[in-house]
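Here's the letter readout for the chains.
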Amino acid sequence: MTTRSGLIVAAPHPAALTAARQAARRGGNAVDAALAAAAALTVVYPHQCSLGGDLIALVHSPDGGVRAVLSAGAAAQDVDVEALRAADGRMPAQGPQTVTVPGVVAGWTALAEAYGTPGALAAALRDAAALAEEGATVSAGLARAVRERASRIGEDPGLDALLTGPGGAPLDEGDPLPQPRLATVLRALADDPSSFYRGGVAEALADGLRRAGSPLTAGDLAAHRAESVEALVLDVAGTRWWAAPPPSQGASLLAVLEAANAAAKLPEPERTGVLVARCQDASAARDLLLGDPRGGTPDLDGLLHPAPLAGALPPKPPFRPAGDTVAITAVDSTGLAVSLIQSVYQTFGSGICDPGTGIVLHNRGSAFSLLPGHPALIGPGLRPPHTLCPVLGRSAGLLLAAGCQGGRAQPQILAQTVPDLMDPDADPSAVLNRPRWVTGARDIGHKTGTLLAEPGSVPAATTAFPSAVPVVVAPGRTDLAGHTQAVRLTADGRLDGAADPRADGGTELHLLEGNTL
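Just so you know, these numbers come straight off a predicted model, no measurement behind them.

Rules and cut-offs
Residues numbered from 1 in each chain as written. Predicted model: local features only at pLDDT ≥ 70, side-chain atom pairs only at ≥ 80, totals over all residues. Heavy atoms only, no water. Helix = DSSP H or I, 4+ residues; strand = E, 2+ residues; numbered from the N terminus. Rg over C-alpha atoms; globule rule 2.2 N^0.38 Å. Buried < 20%, exposed > 50% of the residue type's maximum accessible area, 1.4 Å probe, protein only. Contact = heavy atoms within 4.5 Å. Core = buried A, V, L, I, M, F, W, Y, C linked by side-chain atoms within 4.5 Å. Pairing = 2+ DSSP bridges. Axes fitted to C-alpha atoms, helices over the stretch in contact; angles between N-to-C directions. Left-handed = near helix turned anticlockwise from the far one by under 90°. Nonpolar A, V, L, I, M, F, W, Y, C, P; charged D, E, K, R; others polar. pLDDT = per-residue confidence, 0-100. Salt bridge = Lys/Arg side-chain N within 4 Å of Asp/Glu carboxyl O.

Trainee: Explain the overall build of the protein to me, using residue names and the numbers behind them.
Mentor: Across its full length, the protein carries 17 helices and 20 strands. The C-alpha radius of gyration of the protein comes to 21 Å, within 12% of the 24 Å expected for a compact globule of 517 residues. Within the protein, the fraction of its 517 residues that count as buried is 60%. Considering only residue pairs separated by 6 or more positions, the protein has 72% of its internal contacts joining residues 24 or more positions apart.

So this is what it looks like as structure tokens:
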């Protein structure tokens with residue numbers, strides 16, 4: 001009998017796959033490999049993730065249990081809500097007031113302690129430090145982000161130093177990306193990850209935050225803890241789905257997955273029309289109902305069973321979030337699987353790179369509301385609503401870990417991919433290669449509600465399509481349709497997966513010695 005033993009990782013950048021391979025060769029499991037990839041990505045993808053961002057993950061244990069790890073940071077204890085209201089009726093899109101406590105490092109530590117191999121995280125952080133010291137190269141995706149955000153980069157001394165070459169020109173694809181200060185921080189974290197929150201790194205970061213004008217203090221950093229909590233569950237059509245609870249938008253994902261199953265046997269274009277409508281309903285419910293359980297009890301039933309808009313216009317986000325995120329998925333032959341998502345939210349987050357540490361700081365706080373009584377109202381020690389939306393699926397024949405980049409549209413993107421990935425005979429690469437659509441407004445670059453369709457994703461893509469909003473066909477593939485990463489373990493032990501062709505990465509399959517496919 002042929003055995004299949006090993007692990008597989010999907011990630012959006014080759015450096016992440018190299019890091020995962022190194023972790024596997026050291027004897028690491030799926031979580032070790034995912035964490036190694038995650039650490040590398042904070043070096044090579046500063047426009048999408050960093051030590052200054054947040055993390056939400058789902059982990060499937062070999063015994064079948066699933067936990068959600070939430071490491072989403074909170075607003076400062078000294079946040080001045082009235083001053084924010086006086087400045088504007090809505091939260092700023094970027095800048096120091098949008099920086100909440102970064103949760104990535106605490107999330108890595110929680111995952112490593114609960115599921116990892118002793119010493120594996122420290123080794124991964126040293127690998128990441130070497131990558132930062134020696135200078136990674138600029139990927140195509142990072143080069144696009146530098147071009148698109150050139151004016152914002154020039155406004156911040158830290159970002160300007162990071163992303164401008166010796167001759168003063170913006171970095172381009174293939175240019176070196178040395179980050180010596182970040183390398184120093186990564187080496188310190190390899191020795192003691194808690195120093196990010198209570199130690200030398202925390203002191204340096206708190207000083208940098210103060211200089212940037214943020215109300216966050218060393219005390220706010222010290223108060224942060226990652227949480228391990230029960231995941232949300234949906235059982236439908238022989239598959240059990242898991243998603244992260246609030247403040248993640250995981251409930252919105254389960255709502256649209258349920259609709260996707262109900263519409264699966266409908267003919268086109270009705271099937272897609274039903275799913276589009278449900279995505280719009282779920283998005284509107286999220287904007288109205290999602291908040292931090294620390295500030296009150298979210299209306300979970302309203303999120304899982306969103307009321308139909310019935311032609312009403314959904315709430316508009318106050319600005320274009322342009323969410324930037326990385327998803328890393330991994331599974332090994334024991335049934336240990338992880339979907340890990342880390343993010344700085346918008347491209348280059350708050351638009352601030354702390355010069356002392358080389359850390360790009362996220363702008364998750366921009367997702368707070370300033371409306372009195374809103375579930376997402378900003379307050380001391382509260383967390384903003386989160387777009388990060390990992391997913392796990394399990395049936396009698398298959399275990400799936402998936403996640404995607406895509407900001408507010410993550411539930412829409414996953415609903416178009418993960419149901420078909422639950423078929424053991426489906427080719428994961430073919431599923432992720434198919435054209436997709438997303439619906440939104442400012443979040444996808446349109447002033448009003450719009451369905452943005454990659455060519456071939458919407459049947460006929462004409463006015464006859466049953467959509468409550470205009471359909472705009474993109475000229476080709478678009479990053480707005482998300483970067484999905486998916487890996488699978490079948491009941492007969494086969495490992496497979498795929499990385500989204502819209503990103504820069506791929507998959508890495510590591511087989512244990514003595515076994516063959």
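Structure's up, so let's keep going.
Trainee: How would you sum up the nonpolar core? Please name residues and give values.
Mentor: Ranked by internal contacts, the top residues of the largest apolar core, which has 66 residues, are Leu 51, Trp 108, Leu 111, Leu 186, Phe 196 and Leu 340. Per-element tally for this core: the top contributor is helix 2 (residues 30-44), with eleven residues. For Leu 186, the residues in contact, after removing those within four places along its chain, are Val 43, Leu 51, Leu 125, Ala 128, Ala 129 and Ala 132. Among the nonpolar cores identified, the runner-up in size contains 44 residues, and Trp 241, Leu 290, Val 391 and Ile 413 belong to it.

Trainee: Describe the pairing of strand 18 (residues 483-490), with residues and values.
Mentor: Summarising burial for strand 18: eight of the eight residues are buried, a large majority. Residues of strand 18 alternate between two faces, with His 483, Gln 485, Val 487 and Leu 489 on one and Thr 484, Ala 486, Arg 488 and Thr 490 on the opposite face, all of them buried. In this structure, strand 14 (residues 398-405) lies alongside strand 18, joined through eight bridges in antiparallel fashion. From the neighbouring strand, Gly 403 faces strand 18, where its bridge partner is Gln 485. Two elements, strand 18 and strand 19 (residues 495-499), share five bridges in a ladder whose sense is antiparallel. Across the sheet, the residue bridging to Leu 489 is Leu 495, located in strand 19. What sits between the antiparallel neighbours strand 18 and strand 19 is a turn of four residues, in which Gly 493 has the positive phi angle 95°.

Trainee: Describe in detail the environment of Gly 238, supporting the description with residues and values.
Mentor: With respect to the helices, strands and loops of the structure, Gly 238 is situated in the loop between strand 7 (232-236) and strand 8 (239-243). On the accessibility criterion, Gly 238 (64% relative accessible area) is exposed. Sequence separation between Gly 238 and Val 472 is 234 residues; the distance between their C-alpha atoms is 35 Å. Residues contacting Gly 238, with those up to four places away along its chain left out, are Arg 394, Ser 395 and Ala 396.

Trainee: Explain the packing of helix 1 (residues 14-25) against helix 2 residue by residue, including any values.
Mentor: Packed helices, taken two at a time, are described by the angle their axes make and the gap between the axes. Two numbers describe how helix 1 lies on helix 2: the axes approach to 7 Å, and their chain directions differ by 145°. In this structure, helix 1 meets helix 2 at a crossing whose hand is right-handed. Touching Ala 15, Ala 16, Ala 19, Ala 20 and Ala 23 of helix 1 are Asp 32, Ala 33, Ala 36, Ala 37, Ala 40, Leu 41 and Val 44, all from helix 2. Among the residues making up the contact of helix 1 with helix 2, the classes are represented as eleven nonpolar, no polar and one charged.

Trainee: Please give an account of the sheet that holds strand 15 (residues 437-440) that cites residues and values.
Mentor: A sheet is described by the order of its strands in space; here three strands give the open sequence 15-16-17, paired in mixed fashion. Looking at which strands have only one partner, the edges of the open sheet turn out to be strand 15 and strand 17 (471-473). Geometrically, the sheet is characterised by an average inter-axis angle of 20° between neighbouring strands, direction not taken into account. With four bridges connecting them, strand 15 and strand 16 (residues 450-453) associate as antiparallel partners. Note on strand 16: the bridge partner recorded for Trp 437 is Ala 453. Across the sheet, helix 13 (residues 270-289) is in contact with strand 15 and strand 16; its angle to strand 15 comes to roughly 40°.

Trainee: Describe the confidence of the model for the protein, listing the residues and the values that go with them.
Mentor: Across the protein, the average pLDDT comes to 91, with 93% of residues at 70 or higher. This stretch, residues 317-323, has a pLDDT under 50; its non-local contacts, to residues over four places away or in other chains, come to 26 contacts. Across residues 513-517, where pLDDT falls below 50, the model places ten contacts with residues more than four positions away in sequence or in other chains.

Trainee: Report on the pattern of salt bridges, specifying residues and quantitative values.
Mentor: Pairs can form between side chains of opposite charge whenever their charged atoms are close. Overall, the coordinates contain 24 salt bridges when judged by the stated rule. Notably, a salt bridge pairs Arg 152 with Glu 155, separated by 3.5 Å at the nearest N-O pair. Here Arg 152 and its partner Glu 155 are both found in helix 7 (residues 150-155), three residues apart, which amounts to about one turn of the helix. Accessibility expressed as a relative area gives 56% for Glu 155, which makes it exposed. Between Arg 383 and Glu 227 there is a salt bridge, with its nearest N and O atoms 3.4 Å apart. With Arg 383 in the loop between strand 12 (359-361) and strand 13 (391-394) and Glu 227 in strand 6 (residues 227-230), this residue pair connects regions lying 156 residues apart in the sequence.

Trainee: I'd like to hear about the environment of Val 344, residue by residue, with values.
Mentor: Within the secondary structure, Val 344 is located in strand 10 (residues 337-346). Residue classification places Val 344 among the buried positions, given a relative accessible area of 0%. Along the chain, Val 344 and Pro 501 lie 157 residues apart, while their C-alpha atoms are 22 Å from each other.

Trainee: Mind laying out unusual backbone geometry, listing which residues take part and the relevant values?
Mentor: In the segment running from Pro 246 into Pro 247, the intervening peptide bond is cis, with an omega of 15°. One can find Pro 247 in the loop between strand 8 and helix 12 (250-262). Omega for the peptide link from Glu 268 to Pro 269 comes to 5°, which places this bond in the cis form. The residue Pro 269 is located in the loop between helix 12 and helix 13 in this model. Residue Tyr 345 is not a glycine yet carries a positive backbone phi of 75°. As for its position among the elements, Tyr 345 is in strand 10.

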